[in-house]
Amino acid sequence: MRWEADVSLAPLTRLGVGGPTPRLARPDSEGSLRAVVQSLAGQPFLVLGGGANTLVSDAGVEVPVLILIGGFDRLELLEGEIRTGAATQIPAFVNQARQAGRDGFLFLEAVPGTIGGALRMNAGSADTGLWNRALWVEAMTPSGDTLRLTAAEAKPRYRGVDVPEEWVFLGGVFSAPAGDAEAIRKAHLERRRQKVETQVYDLPSCGSTWKNPGPPFGTAWEVVDRVGMRGARRGNALITEKHANFIANLGGARAEDVLALMIETRRRARDDLGVELEPEIRFWGFTEDELCAVGATA
Ligand SMILES: Cc1cc2nc3c(=O)[nH]c(=O)nc-3n(C[C@H](O)[C@H](O)[C@H](O)COP(=O)(O)OP(=O)(O)OC[C@H]3O[C@@H](n4cnc5c(N)ncnc54)[C@H](O)[C@@H]3O)c2cc1C
């Protein structure tokens with residue numbers, strides 16, 4: 001496996017900010033991934049999917065980064081189920097399901113990124129996520145063992161899953177019963193229309209910045225709005241007017257700008273409303289103090 005040295009991560013993320021990794025590998029098969037993780041012999045590493053939910057610090061990360069490609073980008077429609085690799089793009093997965101009249105993936109419509117990232121994040125809507133459709137998922141441990149997980153074992157929750165961070169998802173099999181193709185098509189188009197109308201697709205972002213705090217505080221965007229941070233700008237990072245839970249890169253934004261906006265929002269939410277906002281986005285390469293200031297646990 002060829003390692004690339006000193007690779008900038010900004011172009012590999014949707015937000016487009018952040019520094020480099022000292023080493024990057026792009027394994028294209030289970031065998032090559034196993035060789036890579038075994039060569040790392042227990043040293044920490046990170047896996048990047050589409051970078052649609054990840055904020056990389058301006059200094060970058062100190063550890064190697066892996067991106068799954070090639071044989072991990074696959075999709076097979078079978079009776080009642082879809083088998084897919086972790087590198088498959090979520091929109092490609094959803095489009096194929098919709099075109100084949102398969103039911104149950106409306107919550108993933110217009111969600112960018114990969115199936116691997118969606119498994120780690122349990123991506124979806126407020127009340128459902130990809131693991132709800134999983135029959136089983138394959139993951140590789142840092143020692144190179146491959147194992148199968150069911151949802152009952154992975155214990156999915158709102159935007160997360162109880163699977164060790166150092167395990168790499170390889171792909172999975174998802175329940176996909178045939179439904180009313182025309183009704184599915186219409187529902188997907190409507191969902192896409194609503195998302196594009198209300199969320200931020202015309203500027204680079206990481207999607208929802210904060211998890212919804214739930215009752216009695218409502219949604220995260222309402223909290224950001226109530227503490228007067230909608231439209232706040234720091235450098236070229238902007239909390240968008242269109243959707244107050246999105247931070248956009250207006251061009252050349254720095255991770256420190258994004259972080260500053262988040263820290264100020266969180267401070268105001270705590271001081272003014274008594275709510276502890278918890279980030280939805282993942283942070284790479286930040287100090288413990290920075291993570292603590294923004295309320296991130298990892
Ligand atoms: C405009 C927009 C709209 C969005 N709408 C939604 C939405 O409706 N619902 C929603 O849930 N999210 C949404 N998101 C967020 C994002 O699309 C999802 O979280 C998506 O699942 C991220 O996938 P990714 O491959 O880009 O993950 P990345 O950002 O690359 O990674 C996210 C996390 O997953 C880990 N990871 C990635 N691949 C693997 C793997 N193979 N094995 C193990 N860990 C891995 C990474 O290490 C990281 O911790 C939105 C984002 C944007 C920009």
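Residues numbered from 1 in each chain as written. Predicted model: local features only at pLDDT ≥ 70, side-chain atom pairs only at ≥ 80, totals over all residues. Heavy atoms only, no water.

**Some details on the nonpolar core**
Note the threshold: Definition used in this section: a nonpolar core is a set of buried Ala, Val, Leu, Ile, Met, Phe, Trp, Tyr and Cys residues joined via side-chain atoms within 4.5 Å. For each residue, the accessible area found with a 1.4 Å probe, counting protein chains only, is set against the maximum for its type, and the residue is called buried under 20%, exposed over 50%, and partly exposed in between. Here a helix means four or more residues in a row that DSSP labels H or I, a strand means two or more in a row labelled E, and each is numbered from the N terminus. What fixes the domain bounds is an automatic or database domain assignment.
Within the largest apolar cluster, 30 residues are counted, with the highest numbers of intra-cluster contacts made by Leu55, Met262 and Phe283. Sorting the residues of this core by element identifies α6 (220-226), β13 (237-239), α7 (255-273) and α8 (288-294) as the ones contributing at least two each. For this core, the element with the highest residue contribution is α7, accounting for six residues. When residues of this core are assigned to domains, at least three fall in each of domain 1 (4-66) and domain 3 (200-294). If you look at the next biggest cluster of nonpolar residues, it comprises 25 residues, including Ala97, Leu119, Ala139 and Val161.

**Side note on the side chain of Arg266**
What counts here: In the analysis that follows, any N or O atom pair within 3.5 Å is treated as a polar contact, provided that within protein one partner can donate a hydrogen and the other can accept it, and provided that, for residues neighboring in sequence, both atoms belong to side chains. Residue contacts are counted whenever heavy atoms from the two residues lie within 4.5 Å of one another.
Structurally, Arg266 is set in helix α7. Among the polar contacts made by the side chain of Arg266, one reaches the side chain of Glu276 at a distance of 3.0 Å. Ignoring any residue separated from it by four or fewer positions in sequence, one finds Arg266 in contact with Trp210, Glu276, Leu277, Cys292, Ala293, Val294 and Gly295.

**As for the pattern of salt bridges**
The condition that has to hold: Note on definitions: salt bridges are taken to be side-chain nitrogens of Lys or Arg within 4 Å of carboxyl oxygens of Asp or Glu.
A full pass over the atoms with the stated rule returns 19 salt bridges. A salt bridge links Arg254 to Asp58; its shortest N-O distance comes to 3.7 Å. Taken as a pair, Arg254 in the loop between β14 (246-249) and α7 and Asp58 in the loop between β4 (54-56) and β5 (65-66) lie far apart in primary sequence, 196 residues in all. Overall, Arg254 belongs to the partly exposed group, its relative accessible area being 41%.

**Quick notes on helix α1 (residues 30-40)**
Selection rule: Arc definition: it is the arc formed by the directions from the helix axis to the C-beta atoms.
Among all positions of α1, only Ser32, Leu33, Val36, Val37 and Leu40 are buried. Along α1, the residues classed as buried sweep out an arc of 130° about the axis, all on the same side. Elements that come into contact with the buried residues of α1 comprise β2 (20-25), β5, β8 (134-140) and β10 (168-175). Immediately downstream of α1, the backbone of Ala41 shows phi near 45°, a positive value.

**Let's talk about the packing of aromatic side chains**
For the record, the criterion: Aromatic rings from Phe, Tyr and Trp, with only the six-membered ring used for Trp, were paired whenever their centres fell within 6.5 Å, and each pair was classed as stacked if the ring planes differed by under 30 degrees, edge-to-face if by over 60, and tilted otherwise.
Enumeration over the complete set of coordinates arrives at four aromatic pairs. Between the aromatic rings of Trp131 and Phe169, the centroid separation amounts to 6.0 Å while the plane-to-plane angle is 65°, which identifies the pairing as edge-to-face. Of the two residues, Trp131 is situated in the loop between α3 (115-121) and β8 and Phe169 in strand β10; the sequence distance between them amounts to 38 residues. Judged by its relative accessible area of 1%, Trp131 is buried.

**What to know about the site of the ligand**
What counts is decided by this rule: Proximity is defined per residue: if any heavy atom of the residue lies within 4 Å of a molecule or strand, that residue is considered near it. With residues, only the protein chains shown are counted as cover, and all accessible areas are computed by Shrake-Rupley using a 1.4 Å probe. Residues are grouped as follows: Ala, Val, Leu, Ile, Met, Phe, Trp, Tyr, Cys and Pro are nonpolar; Asp, Glu, Lys and Arg are charged; every other residue, Gly included, is polar.
Around the ligand there are 36 residues in total, and Val47, Pro112, Thr114, Gly124 and Lys195 lie nearest to it. One nitrogen or oxygen atom from the main chain of Gly50 is found 2.8 Å from an oxygen atom belonging to the ligand. Between the ligand and Arg282 there is a distance of 3.3 Å, counted from an oxygen atom to a side-chain nitrogen or oxygen. Protein burial of the ligand: of its 970 Å² of free accessible surface, 96% is covered by the chains. Going through the elements one at a time, α3, β10, β11 (205-208) and β15 (282-284) are the ones with two or more residues in the shell around the ligand. Considering every element that reaches the shell around the ligand, the biggest residue donor is α3, with five residues. Of the residues assigned to the shell around the ligand, the class counts are 19 nonpolar, twelve polar and five charged.

**Overview of the sheet that holds strand β12 (residues 233-234)**
Convention followed: At least two DSSP bridges between two strands are needed for those strands to be called paired.
A sheet is described by the order of its strands in space; here four strands give the open sequence β11-β14-β13-β12, paired in antiparallel fashion. The sheet is open, and its two edges are formed by β11 and β12, each paired on a single side. Here three bridges tie β13 to β14, and the two strands are oriented antiparallel to one another. Among the inter-strand pairings, Ile239 is bridged to a residue of β14, identified as Ile247.

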